[in-house]
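These are the residues of each chain, in order.
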Amino acid sequence: QVQLVESGGGLVQAGGSLRLSCAASGRTFSSSAMGWFRQAPGKEREFVATISGSGMSTYYADSVKGRFTISRDNAKNAVYLQMNRLKPSDTAVYYCSARASTFMTVTRQAYDHWGQGTQVTVYS
């Protein structure tokens, strides 16, 4: 059973930065593609970024490309989301997710495990 625990959310002024972390349990972490999704109030959960099991490949939503960076440390069973130049539109609960495949996908339903989420609030 995989458990995911996010941390690092908070309140930040527009233009600022935050780094989200996701700690994962389970012995198969390095074979799992990981993803970050977010959900704003009244909206559906949307894809943000994904990284392959090896960490060699990444993919981003257009809305965050060039501002956010996803990375992972398989030795620590952790995945990160560095968020720079934050905007008020980035305000949401951010969720870490894992899938039982090393290959990336943007499809929410393809992820098998989810964390509890961490709130990110960006004010202008």
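Structure: above.
Below is a short write-up of the structure.

Looking now at the nonpolar core. For soluble globular proteins, the rule of thumb is that nonpolar side chains tend to be buried together. One finds M34, W36, L81, M83 and Y94 to be the most contacted residues of the largest nonpolar core, which totals 32 residues. Looking at this core, the elements with two or more residues in it are strand 3 (18-24), strand 4 (34-39), strand 5 (46-51), strand 7 (68-73), strand 8 (78-83), strand 9 (92-98) and strand 11 (118-123). Leave out the neighbours within four places in its chain, and L81 touches L18, R19, L20, W36, V48, A49, F68, T69, I70 and Y94.

Positive phi, close to 55°, is recorded for N77, a residue that is not glycine. Note that N77 resides in the loop between strand 7 and strand 8. The phi dihedral of R85 is positive, around 50°, even though this residue is not glycine. Among the structural elements, R85 can be located in the loop between strand 8 and strand 9.

Enumeration according to the criterion identifies one cavity of 30 Å³ or more in this entry. As a volume, the largest cavity reaches approximately 30 Å³. What lines the largest cavity is simply V2, A24, S25, T28, F29, S32, M34 and A98. Each residue belonging to the lining of the largest cavity can be placed in one class, and the counts come to five nonpolar, three polar and no charged.

Here is what the cut-offs are and how they apply
Residues numbered from 1 in each chain as written. Predicted model: local features only at pLDDT ≥ 70, side-chain atom pairs only at ≥ 80, totals over all residues. Heavy atoms only, no water. Core = buried A, V, L, I, M, F, W, Y, C linked by side-chain atoms within 4.5 Å. Buried < 20%, exposed > 50% of the residue type's maximum accessible area, 1.4 Å probe, protein only. Helix = DSSP H or I, 4+ residues; strand = E, 2+ residues; numbered from the N terminus. Contact = heavy atoms within 4.5 Å. 1 Å grid on protein atoms, 1.4 Å probe; cavity = no way out; pocket = protein on both sides within 12 Å on 5 of 7 lines; lining within 4 Å. Points joined across faces, edges and corners; volume = space filled by probe spheres on them. Nonpolar A, V, L, I, M, F, W, Y, C, P; charged D, E, K, R; others polar.

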